[in-house]
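Listed here are the chains, written in short residue letters.
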Amino acid sequence: MIAFEKVVLGYDTHPVLEISHLHITSKERVVIVGSSGSGKSTLLRAVAGFEAPLEGSILLQGTCVSKAGSIVVPPYRRGVGMVFQDLALWPHMDVAENITFGLKMQGIPKTQRDTLLDEMLNTIGLTGYASRTIDTLSGGQQQRVALARALITKPNILLMDEPLSSLDSQRNRQLREEIVRLQETFGFTLLYVTHNNEEAQAIATRILTLRPKEDGSGVHVIEG
Amino acid sequence: MSYQRLLLGLAVGIVLLMGVFPLLKMLYLALASLLGGTAILPDGTLEAMLRSLLLALGVATIATISGTLIALLLAKTTLPFAPLWLTLFSLPLLLPPEIVILGWIDLLPSHTPLSKLLHTSVGAAWIDTTIFMPVAMLLGFFFLRRIPASLELAALLYTDEKGMLRHIDLTLLKPVLILSFLLIFILVLGEYSVANALHIRLFSVVLFTRFSAFYDFEGTLVMSLPLLLVAFGVIMLERIAIQHTHFGQMHQETHRCHIVLSPLSKRLCILLLAAAVTLVTLLPLWGILGTIDTISQLYRALIEVQHPLLRSLFYALAGGAAVTFAGLIVALALYLNKARYTGLLEHIGLFLFILPSIIIAVALIGFYNRSATEWIYASVLLILFAYTAKYLILSEKLIHIRLQQLPKSLSEAALVHGATPLQTLRYILLPLLRSILIAALLVGALFCLRESTFAMLLLPPGDATLPLYLATRSANGDAGLIAAMAFWMLLAISALLALLLYVGTKLSRRSL
């Protein structure tokens, strides 16, 4: 499903994370943990297609999507979903427009979009919220909208970058249970980044830890 | 070619065609002419140049100090109605200089000592100070508002509020002070309308006369060289000043550190500000309004100026639209292309902004006055090019700052959910930029409206805008009627300004 072949990730020419070989199979729930600056988000951004690896190649479903210094398949052709740390909900669009944006980009007709929207709002427990603006939603509701937006196009891979970090512990617990339930319902492969070990244990079928290399270079490697 | 590169190409094309190429050709012709023996400062012009330099130095010093003091009061104390004060103080900058001068001439009865003083370098210095002081005030205000409160609060652990102002705010503000001084200096040096209306022989007037009265194209080009050189020097100094502004650390904060004034100090400050506003803004306005004798004069004036007024508004709005479109292209190009050299576009934009309008106009005439580009030269495009070259930096900065405030994840979320870069631009970035685009359009329109040098040199005869029409009519017309004509101009500017304030308020209330 997702394969990293001798990948080095970093900024400009400065390496941050080395992954010699990593294969993530279909429907896995992989959680990546590590300290700040270890390259957790960089890894997700590389899978999404926002960053090219400095070395090596990344494959999605057997196709090379990025190789050293270049993005072979741009983000909008990768068919992945993503929930951002700041959620990145578009403030000029209402809940319905936010959620169905991906469908609109795929050219799906309005009537079909509306049907899928109703189903999705029902799934995430936000029926009746379609025309609400983003700033009228609570933090938890915004998280659900971001999740719905990522899931409505039925991606094979869902990337989540510390999506629950801004919630209190009770909300955090509720939503991570919901994420697991949704993953089992939709059957996507989940790549989830967090620095919270308890969250990682609750969600993961496999945990990958990013640790500094022993040579003191500041570069991190994957364990797990 | 990716659309990022395409945008960069477009941006570079705009800057080259509207500014760099015409200036380079002008420079080439000027140097050739200089080598051919044309004098750089013909008889009598050295004196005008020295007078101009002295005036610019004086105005820049006074305007920077007074503008910064007002900025400090409004940004760092609990004085109420800061936006209102800022608007009132900024009016002379936004009004066409012809209107400001008319206000002062109307206010001071002729043949009185004050009226005589107005028609000297001192009078020109006073009017230029009121016009350009807002540059220092606005730059200072917005910079001071961006100083993180934590820096000031940390200082308050060791010193009182005066110490905080001195050691933190003013120290951080130093490069902005230098920038304000340099900007005002060069703007005054190139200012033509004030000196011309007051019949003071400054360098800009000599330059303008050489071109428009004697049609001495080569002589004008050569005489422009010192101004070009000074503008280039200012840009270099600005680079050094900006390098030390710590802009990177500055950000918009919801919590700001304000000095709480005692009721007595507050009243005193309000009184001082009110006196200053009266002196720089309200008096010339009163000069105009007080000269209008009857309501019927207003009606007669409207009938007479309807065409120049509509023409002014048309050119201002067309100019504003052109400036905004070009600003959007350049801002997007800079935002999407991270290469370091792209910043050069902004420096060129600033260089064109500080360059005296006459130089831009002459350069454009020299570049486009040929058969292949006749369709530009003989059309409204030429003045739109001039407006774009001159005011591009204003709209580009507004839009670029807004783009930088938008979280990058908003565009990335669109890309990852299937939108192409162009669709991301259409569905995400442009809707989020809508308010700032309207603001940029209004700011552009206001500046185009006050710009009369381009209108004088680049519009066909008989196509005079209202400020020019007023300048001509005021030489031989009924003062009440002329004031009534100016009233309609004031009304048009007030409408644009009110729209701008409305958009600005909407923008500042936005969470993003």
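Located above this text is the structure these notes cover.
Residues numbered from 1 in each chain as written. Chains lettered and ligands numbered in written order. Predicted model: local features only at pLDDT ≥ 70, side-chain atom pairs only at ≥ 80, totals over all residues. Heavy atoms only, no water.

K.L.:
So what exactly am I meant to see when it comes to the overall build of chain A here?
P.N.:
Helix and strand counts for chain A stand at six helices and eleven strands. At 18 Å, chain A has a C-alpha radius of gyration in line with the 17 Å of a compact globule built from 224 residues. Referenced to the eigenvectors of the C-alpha coordinate spread, the extents of chain A come out at roughly 55 × 40 × 30 Å. By residue count, 52% of the 224 residues in chain A fall in the buried class. Considering only residue pairs separated by 6 or more positions, chain A has 64% of its internal contacts joining residues 24 or more positions apart. Surface exposure of chain A reaches about 9800 Å², of which carbon and sulfur atoms provide 46%. Seen as two clouds, the 22 positive and the 24 negative side-chain charges of chain A have centres 5 Å apart. (Helix = DSSP H or I, 4+ residues; strand = E, 2+ residues; numbered from the N terminus. Rg over C-alpha atoms; globule rule 2.2 N^0.38 Å. Buried < 20%, exposed > 50% of the residue type's maximum accessible area, 1.4 Å probe, protein only. Contact = heavy atoms within 4.5 Å. Areas by Shrake-Rupley, 256 points an atom, 1.4 Å probe, with all protein chains shown as cover. Lys, Arg positive; Asp, Glu negative; His and termini not counted. Charge placed at Lys NZ, Arg CZ, Asp CG, Glu CD.)

K.L.:
Is there a simple way to think about helix α5 (residues 169-186) of chain A in this case?
P.N.:
The α-helix advances 3.6 residues per turn, and as a result positions three or four apart in sequence lie on the same side. Residue and element names in this part refer to chain A. With 18 residues, α5 ought to run about 26 Å at 1.5 Å a step, and its terminal C-alpha atoms sit 25 Å apart, in line with that. Burial in α5 covers these residues: N172, L175, R176, E178, I179, V180, L182 and Q183. Close packing links the buried residues of α5 with β3 (29-34), α3 (110-123), α4 (139-151), β8 (157-161), β9 (189-193) and α6 (197-203). (Expected span 1.5 Å × (residues − 1).)

K.L.:
So what exactly am I meant to see when it comes to the sheet that holds strand β6 (residues 70-71) of chain A here?
P.N.:
Note on sheets: strands pair through backbone hydrogen bonds, and any given pair is parallel or antiparallel. Residues and elements named next belong to chain A. Read across the sheet, eleven strands follow the order β6-β5-β4-β1-β2-β11-β10-β3-β9-β8-β7 without closing on themselves; strand pairing throughout is mixed. Each edge of the open sheet carries a strand with a single partner, namely β6 and β7 (80-83). Inspection of the sheet shows β3 paired to strand β10 (residues 206-212) by five bridges, in the parallel sense. By the bridge assignment for β10, I32 is matched with L208. (Pairing = 2+ DSSP bridges.)

K.L.:
Would you mind going over a nonpolar patch on the surface with me for this structure?
P.N.:
Residue and element names in this part refer to chain B. Together, L17, F21, L24, L27, L31, L34 and I40 line one region of the surface with nonpolar side chains, adding up to about 530 Å² of accessible area. If you trace the backbone, L24 turns up in helix α1 (residues 3-35). Using a relative accessible area of 47% as the deciding quantity, one classes L24 as partly exposed. (Patch = residues over 30% accessible without salt bridge, like charges linked within 9 Å, V, L, I, M, F, W, Y side chains within 5 Å. Salt bridge = Lys/Arg side-chain N within 4 Å of Asp/Glu carboxyl O.)

K.L.:
What is the right way to look at the side chain of E98 of chain B in this model?
P.N.:
Residues and elements named next belong to chain B. Examined against the element boundaries, E98 turns out to sit in helix α4 (residues 97-107). No salt bridge forms around the buried E98; measuring N to O, its nearest opposite-charge neighbour R450 is 7.5 Å away. Side chain to side chain, E98 and S452 meet in a polar contact 2.6 Å long. (Polar contact = N/O pair within 3.5 Å; in protein donor to acceptor, adjacent residues only side chain to side chain.)

K.L.:
Would you mind showing me how to read the interface of chain B and chain A here?
P.N.:
Where the parts come together, the accessible area they lose is often given as the size of the interface. Facing 20 residues of chain B, the contacting portion of chain A comprises 22 residues. The contact between chain B and chain A buries some 1800 Å² in all, and 70% of this surface belongs to carbon and sulfur atoms. Salt-bridge contacts for E412 of chain B lead to R45 of chain A; the nearest nitrogen and oxygen are separated by 2.6 Å. For the side of chain B that touches chain A, the secondary-structure elements that each account for two or more residues are α18 (408-416) and α19 (421-450) of chain B. By residue number, the principal contributor to the side of chain B that touches chain A is α18 of chain B, which donates eight residues. Class assignment of the residues belonging to the side of chain B that touches chain A gives a composition of 13 nonpolar, five polar and two charged. (Buried area = accessible area lost by both parts, 1.4 Å probe. Nonpolar A, V, L, I, M, F, W, Y, C, P; charged D, E, K, R; others polar.)

K.L.:
Explain the pairing of strand β4 (residues 55-60) of chain A here, please?
P.N.:
Look at any regular strand and the pattern is simple: side chains alternate between the two faces of the sheet. Residues and elements named next belong to chain A. As defined by bridge partners, strand β1 (residues 2-11) adjoins β4 across five bridges and the pair is classed as antiparallel. Bridge pairing links F4 to I58 in β4. Summarising the sheet, β4 and strand β5 (residues 63-67) pair through four bridges and their orientation is antiparallel. Paired with L60 across the bridge in β5 is T63. Between β4 and β5, which pair antiparallel in sequence order, lie two residues; one of them, Q61, sits at a positive phi of approximately 50 degrees.

K.L.:
I would appreciate a short explanation of the pattern of salt bridges in the present structure.
P.N.:
Opposite charge on two side chains makes pairing possible when the charged atoms of those side chains draw close. Using the criterion set out here, one finds 13 salt bridges over all chains in the structure. In this structure, D114 of chain A and K110 of chain A form a salt bridge, with 3.1 Å as the shortest nitrogen-oxygen distance. With D114 of chain A and K110 of chain A both in helix α3, this residue pair falls four residues apart, about one helical turn. Between E47 of chain B and R51 of chain B there is a salt bridge, with its nearest N and O atoms 2.8 Å apart. Of the two residues, E47 of chain B and R51 of chain B both sit in helix α2 (residues 45-76), four residues apart, roughly one turn of that helix. According to the relative accessible area criterion, E47 of chain B is partly exposed, its value standing at 49%.

K.L.:
Help me understand the packing of α1 of chain B against helix α17 (residues 381-405) of chain B in this model?
P.N.:
Packed helices, taken two at a time, are described by the angle their axes make and the gap between the axes. Residues and elements named next belong to chain B. Remark: α1 packs on α17, axes separated minimally by 9 Å, with the N-to-C direction vectors making an angle of 110 degrees. Looking at the two axes, α1 sits roughly perpendicular to α17. Across the interface between the two elements, I14, V15 and M18 from α1 touch F385, T388, A389 and L392 from α17. In terms of residue class, the contact of α1 with α17 is made up of six nonpolar, one polar and no charged. (Axes fitted to C-alpha atoms, helices over the stretch in contact; angles between N-to-C directions. Parallel < 35°, antiparallel > 145°, perpendicular 65-115°, else oblique.)

K.L.:
Sorry if this is basic, but what is going on with the environment of G123 of chain B here?
P.N.:
All names here are of chain B. Looking at the element boundaries, G123 is found in helix α6 (residues 121-145). Residue classification places G123 among the buried residues on the basis of a relative accessible area of 5%. In sequence terms G123 and C269 are 146 residues apart; their C-alpha atoms lie 27 Å from each other. With near-sequence residues (within four places) excluded, G123 lies in contact with L117, L118 and L198.

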